[in-house]
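# Fold and contact review
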Amino acid sequence: MAYKVLIADDEKIIVEGISSVIDWAALDLELVSTARNGIEAYEKIVTQKPDIVISDIRMPGMDGLSLVSRVNDEFPSVKFILLSGFGEFEYARTAMQFGVKNYLLKPCSVEKITAALHDVINELKDKKDQDTFIRQLREKYEKAQPYMKAQYLTEFLLSKSHSNKDLFFYRQLFDMEMNDNQVRLILFKLEGEFSYEHLFAIKNIGAEIFESPLLNTTIGEYELFLIEDDYDSEKLYHQIEQTRELLHKYFRRDTTVAISQADYFQNVKSLYREAIECLEHRFYLGEGSIISKKDILPANSDSSNDFNIDEQQIVLKIKSGHIKDVCDEITSIFEKMADLRMGIDMTKSYCIQLYMNIVQTVDTECMQTYLMGTSALLGMETVQQIQEYIETTAKKITIDYYNKFKSKQTSVVSKVIDFVKENLGNPNLSLKMVANKILYMNPDYLGKLFRQETGQRFSVYLTKLRIEKAVDLIVEMDDVKVVTLAEMIGFGDNPQYFSQVFKKYTGYTPSEYRRVT
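Counting restarts for each chain, with residues numbered from 1 along the sequence as it is written. This being a predicted model, a pLDDT of at least 70 is required before a residue's local features are given, and a value of 80 or more before pairs of side-chain atoms are given or counted; all residues contribute to the totals for chains, interfaces and linings. Only hydrogens and water are set aside when side-chain values are computed; all heavy atoms of the structure are taken into account.

## Considering the sheet that holds strand β6 (residues 183-190)
Sheet architecture is open: five strands sit in the order β7-β8-β6-β9-β10, paired in mixed fashion. Strands with a single pairing partner mark the edges of an open sheet, and in this sheet they are β7 (215-219) and β10 (290-292). Across the sheet, the mean angle separating the axes of adjacent strands is 20 degrees when strand polarity is ignored. A pair of strands counts as paired when DSSP detects no fewer than two bridges linking them. Secondary structure elements follow DSSP: runs of H or I no shorter than four residues count as helices, runs of E no shorter than two count as strands, and numbering proceeds from the N terminus. Here five bridges tie β6 to strand β9 (residues 255-259), and the two strands are oriented antiparallel to one another. In this analysis, axes come from line fits to C-alpha atoms, helices being fitted only over the stretch in contact, and the angle between any two N-to-C directions falls in the range 0 to 180 degrees.

See below:
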């Protein structure tokens with residue numbers, strides 16, 4: 001069915017132009033009406049219910065933005081394409097608040113209007129597809145009744161009292177033609193907050209993509225599929241990815257998936273335990289993984305003997321203010337823990353130890369706030385979450401140390417600059433003098449600080465400052481005496497050297513500079 005279009009513009013030539021130049025049928029559109037102002041347009045929208053409105057912003061009675069606002073409240077599904085002879089940003093911004101994505105300046109070419117119509121049509125189709133998908137899914141959900149097959153499968157998998165002697169009974173109950181083919185068990189675990197509707201969505205999406213699984217049931221927070229193994233691992237992984245992508249597209253939910261090995265149906269309990277074990281390893285492999293037996297490394301009971309945290313190293317790097325070094329050290333620690341694959345409780349204890357070493361570098365007043373983070377760490381479900389939390393905390397503390405160090409550097413250099421300006425005429429003024437007699441610091445270290453802060457060596461800075469002072473004095477002097485000038489700015493009794501330096505910086509001798517200025 002074609003989408004209906006209405007055109008509203010107080011300029012007759014615009015209405016007639018758009019009406020005649022657009023190939024409506026080719027776009028699968030129907031031009032149902034036109035209007036010469038906003039009031040008329042609104043009345044026709046109420047009666048004819050168009051899908052798309054092409055409207056001018058400036059119209060008598062009710063302008064385009066007012067029309068958009070009113071229609072958006074009453075008929076939110078109607079899409080607008082706005083036309084205007086004005087290029088002000090405020091019009092576009094106001095229109096965007098009501099969901100208008102297409103804003104065209106007059107005069108508009110056929111190509112631009114057609115492109116805007118294509119955008120709106122695609123948007124309407126996508127919305128229709130999504131609404132149809134969710135409506136159909138919810139209809140199934142509302143009509144769904146408890147499935148005996150899923151209920152008894154859950155009982156069989158979870159009960160300790162049922163044995164393989166009951167297998168024949170379950171086969172009859174499930175009406176299953178079990179042959180010698182092997183089966184696989186797939187478990188989906190939703191991440192984050194979710195509702196039963198999301199599990200129901202996985203059930204229905206998976207039922208189609210896995211091409212009628214043998215059994216399908218919800219067990220607690222898991223959605224389980226039992227499928228016949230066709231020995232095509234690539235196809236199976238593709239089907240799982242399809243299921244996950246559709247769930248994320250329509251419900252914005254991520255899943256972790258466990259795949260059991262292939263085995264016969266009588267061993268389905270073992271397959272279920274194997275899949276649960278795989279999901280437990282999401283602690284190391286991360287949320288959103290697809291985990292199978294080959295991804296699980298056996299835990300090493302003596303792994304803690306091979307692992308230790310160099311507390312002094314991490315503390316030293318934090319206090320040095322080197323963020324990259326701190327992050328590299330934390331990454332190295334977590335990589336070692338992941339390789340050893342210790343138990344979850346043991347891993348968390350080491351993470352708490354690392355976190356405590358980091359937060360103990362702050363002062364007592366701040367530490368109390370950081371210590372509250374230990375309970376957050378204990379509640380986290382994956383190593384990646386814990387690493388991100390610890391790394392974020394370490395970065396913040398490291399930045400604080402860096403800023404303190406930087407502030408201290410700036411203060412020291414400021415003192416140097418102030419002293420230099422006050423003692424510019426002292427011929428003995430040097431970096432060594434300032435370091436040893438004024439600041440009581442190592443000259444080499446002070447020189448590095450000065451260059452790091454100002455971008456130039458102390459000697460270059462001092463010479464440049466003296467020449468700038470000399471220039472100021474020359475401008476003020478009626479008669480330039482090089483000897484006097486040299487003494488005033490710290491060149492002492494070496495006027496010849498002063499003249500050479502002055503010419504190097506300005507291109508003139510002091511006397512020449514006075515004449516040219």
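## Some words on unusual backbone geometry
Cis rather than trans, the peptide bond between lysine 106 and proline 107 has omega equal to -10 degrees. Note that proline 107 resides in the loop between β5 (102-105) and α5 (110-143). Notably, lysine 49 is not glycine yet its phi reads approximately 50 degrees, a positive angle. For lysine 49, the location among the structural elements is in the loop between α2 (38-48) and β3 (52-56). Residue tyrosine 231 is not a glycine yet carries a positive backbone phi of 65 degrees. With respect to the helices, strands and loops of the structure, tyrosine 231 is situated in the loop between β8 (222-228) and α9 (233-251).

## Concerning the packing of helix α8 (residues 196-209) against α9
Where α8 meets α9, the axes come as close as 10 Å, and the angle between the chain directions of the two elements is 140 degrees. Relative to α9, α8 is oriented oblique. For the pair α8 and α9, the crossing hand works out as right-handed. Between α8 and α9, the residues in contact are Glu197, His198, Ala201, Ile202, Ile205, Gly206 and Ile209 and Gln239, Gln242, Thr243, Leu246, Leu247 and Phe251, respectively. Working definition: roughly parallel below 35 degrees, roughly antiparallel above 145 degrees, roughly perpendicular at 65 to 115 degrees, and oblique for all remaining angles. By the definition used in this description, the sense in which the near helix is turned from the far one sets the handedness, with an anticlockwise turn below a right angle giving left-handed and a clockwise turn giving right-handed. Residue contacts are defined here by distance: any two heavy atoms, one from each residue, within 4.5 Å place the two residues in contact.

## Some points on the packing of aromatic side chains
Only Phe, Tyr and Trp rings take part, Trp by its six-membered ring, and two of them pair if their centres are within 6.5 Å. Stacked means planes under 30 degrees apart, edge-to-face means over 60, and tilted covers everything else. In the structure shown here, the tally under the stated rule is 12 aromatic pairs. Between tyrosine 355 and tyrosine 389, the ring centres sit 6.0 Å apart and the planes meet at 40 degrees, which makes this aromatic pair tilted. Here the residue tyrosine 355 occupies a position in helix α14 (residues 344-359), and tyrosine 389 occupies one in helix α17 (residues 383-422), the gap between them amounting to 34 residues. Under the scheme applied here, a residue whose accessible area is under 20% of the maximum for its type counts as buried, over 50% as exposed, and between as partly exposed, the area being computed with a 1.4 Å probe on protein chains only. Assessed through its relative accessible area of 28%, tyrosine 389 is described here as partly exposed. Centre to centre, the rings of phenylalanine 491 and phenylalanine 498 are 5.2 Å apart; their planes meet at 55 degrees, and the pair counts as tilted. Pairwise contacts between aromatic rings join Phe491, Tyr497, Phe498, Phe502, Tyr508 and Tyr513 into one cluster. The ring of tyrosine 42 has arginine 70 lying over it, and the distance from NZ or CZ to the ring centre is 3.8 Å. Only when the NZ of Lys or the CZ of Arg is both within 6 Å of the ring centre and within 35 degrees of the ring normal is a charge said to sit over the ring.

## A short note on the pattern of salt bridges
One side-chain nitrogen of Lys or Arg within 4 Å of one carboxyl oxygen of Asp or Glu is enough to make a salt bridge. One pass over the full model with this rule turns up 21 salt bridges. One salt bridge in this structure joins lysine 79 and glutamate 123, with 3.2 Å as the shortest N-O distance. Here lysine 79 is found in strand β4 (residues 79-84), whereas its partner glutamate 123 is found in helix α5, with 44 residues between them in sequence. Judged by its relative accessible area of 22%, glutamate 123 is partly exposed. A salt bridge links lysine 235 to glutamate 211; the shortest N-O distance between them is 3.6 Å. Of the two residues, lysine 235 sits in helix α9 while glutamate 211 sits in the loop between α8 and β7, which places them 24 residues apart along the sequence. The class of lysine 235 is partly exposed, set by a relative accessible area of 29%.

## Structural notes on the sheet that holds β4
Here five strands make up an open sheet; going across it, the order is β2-β1-β3-β4-β5 and the pairing parallel. Here the strands that pair on one side only, and so sit at the sheet edges, are β2 (29-35) and β5. Averaged over all adjacent pairs, the angle separating strand axes in this sheet is 20 degrees, with direction ignored. Judged from the six bridges that link them, strand β1 (residues 3-8) and β2 form a sheet pairing that is parallel. Counterpart to tyrosine 3 in the pairing with β2 is leucine 29. Against the sheet, α2 engages β1, β2, β3 and β4, with an angle of about 140 degrees to β2. Relative to β4, helix α3 (residues 64-74) is tilted by about 170 degrees, and along the sheet it contacts β3 and β4.

Just distances and angles here, no functional claims.
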